[in-house]
Amino acid sequence: MAEPTIPILAAERLSKRFAFGAETITALSEADFTLHRGEFICLIGPSGCGKSTLLRMVGGFETPSEGRLLMWGKPVGGPGPDRGMVFQDYGLFPWLTVAGNIAFGPLARGRPKAEAAATARRFIETVGLTRFADAYPHQLSGGMKQRVAIARVLANDAEIVLMDEPFGALDAFTRERLQQELLDIWARTKLTVIFVTHAIEEAILLADRVVVMAAAPGRIVADERIDLPRPRDPTEPAFNLLRRRLSAMLGGHH
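Residues numbered from 1 in each chain as written. Predicted model: local features only at pLDDT ≥ 70, side-chain atom pairs only at ≥ 80, totals over all residues. Heavy atoms only, no water.

Draft legend 1. Here's a closer look at the overall build of the chain. In terms of regular secondary structure, the chain is built from seven helices and ten strands. In terms of overall dimensions, the chain is globule-like: its C-alpha atoms have a radius of gyration of 19 Å, near the 18 Å expected for 254 residues. Along the three orthogonal principal directions, the C-alpha set of the chain runs to about 50 × 45 × 40 Å. Every one of the 254 residues in the chain was classed for burial, and the buried ones make up 48%. (Helix = DSSP H or I, 4+ residues; strand = E, 2+ residues; numbered from the N terminus. Rg over C-alpha atoms; globule rule 2.2 N^0.38 Å. Buried < 20%, exposed > 50% of the residue type's maximum accessible area, 1.4 Å probe, protein only.)

Draft legend 2. Focus on the packing of aromatic side chains. Applying the stated criterion across every chain yields a total of five aromatic pairs. Relative to Trp186, the ring of Phe40 has its centre 5.9 Å away and its plane inclined at 75°; by these criteria the two rings are edge-to-face. Of this pair, Phe40 sits in strand β3 (residues 40-44) while Trp186 sits in helix α5 (residues 172-189), and the two are 146 residues apart along the sequence. Taking the relative accessible area as the measure of exposure, Phe40 reaches 0% and is therefore buried. (Phe/Tyr/Trp six-rings, centres within 6.5 Å; stacked < 30°, edge-to-face > 60°.)

Draft legend 3. Region of interest: the pairing of strand β7 (residues 160-164). The element β7 is largely enclosed, with a buried count of four among its five residues. When strand β6 (residues 83-86) meets β7, the two strands line up parallel, connected through four bridges. If you follow Gly84 over to β7, its bridge partner there is Val161. Where β7 lies against strand β8 (residues 192-197), five bridges are found, and the strand directions are parallel. Within the sheet, the bridge partner assigned to Ile160 lies in β8 and is Thr192. (Pairing = 2+ DSSP bridges.)

Draft legend 4. Spatial organisation of helix α4 (residues 142-155). For α4, spanning 14 residues, the distance from its first C-alpha to its last is 20 Å, which sits close to the expected 20 Å at 1.5 Å a residue. Counting buried residues in α4 gives twelve out of 14 residues, a clear majority hidden from the surface. Looking at α4, one finds that the buried residues are Gly143, Met144, Gln146, Arg147, Val148, Ala149, Ile150, Ala151, Arg152, Val153, Leu154 and Ala155. Packing partners of the buried residues in α4 comprise β6, α2 (98-108), α3 (113-126), β7 and α5. Backbone geometry just downstream of α4 places Asp157 in the positive-phi region, at approximately 65°. (Expected span 1.5 Å × (residues − 1). Contact = heavy atoms within 4.5 Å.)

Draft legend 5. The arrangement of helix α7 (residues 237-251) in detail. Over its 15 residues, α7 extends 21 Å from the first C-alpha to the last, a length consistent with the 21 Å expected when each residue adds 1.5 Å. When we look at burial in α7, the residues that qualify are Phe239, Leu242, Leu246, Met249 and Leu250. Each buried residue of α7 lies within a common arc of 95° when the element is viewed along its axis, so the set occupies one face. Seen from the open side of α7, the exposed residues pointing more than 90 degrees away from its buried face are Pro237, Leu241, Arg244 and Ala248. Among the structural elements, β3, α6 (200-206), β9 (209-214) and β10 (219-225) are those in contact with the buried residues of α7. (Arc of directions from axis to C-beta.)

Listed below in structure tokens is the structure:
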């Protein structure tokens with residue numbers, strides 16, 4: 001078992017460059033941050049600041065040009081079930097039930113059917129969907145689909161959940177409901193989450209820490225701890241003070 005004092009994830013002077021024709025684009029420059037088990041961090045910043053690049057490197061889909069990315073002190077060498085991605089459309093298989101979707105990963109990794117089914121049952125209960133185990137994705141609300149997507153990641157033994165603007169295309173009402181769904185699951189499971197968003201209010205509402213990024217080149221310019229008690233109220237003066245401070249940080253780094 002890893003020591004609790006060791007961060008689950010550590011980026012050390014992490015840089016990523018892409019060749020673009022004759023040019024070289026620096027997508028991310030010398031990023032440093034750590035993430036501890038159970039933390040919920042949000043990455044915010046303008047388009048082109050390297051948020052998604054950083055997330056893809058954590059997922060193992062991109063390799064660093066320079067620097068190191070360590071999970072439990074060991075270099076990240078590619079994608080793995082210990083880092084699970086939740087997509088904007090949740091990526092559920094429409095032909096499988098809730099239980100089937102969640103059991104899919106363990107079965108694909110060679111687990112016996114009975115074990116995969118038991119794993120699925122356990123995580124269905126964890127995310128509060130016991131009554132919907134035999135339902136299909138088209139029969140579920142957006143919040144339920146999100147719960148299935150997260151349960152599927154957990155069933156693969158994921159230790160970090162990566163979310164790239166999962167609520168970006170939603171209307172305000174649905175977005176607010178799904179934010180609360182996510183916080184409920186996080187409180188139940190003590191997931192470790194990296195969540196990319198453009199929205200300052202969403203970041204303050206969700207995160208233990210907000211990592212502020214700037215563009216040209218993409219880089220981390222601040223790492224703010226959010227000490228507001230949960231549940232958080234966007235109309236509170238302390239919330240608005242934080243929003244103004246983060247907004248000023250983003251405005252000062254175009």
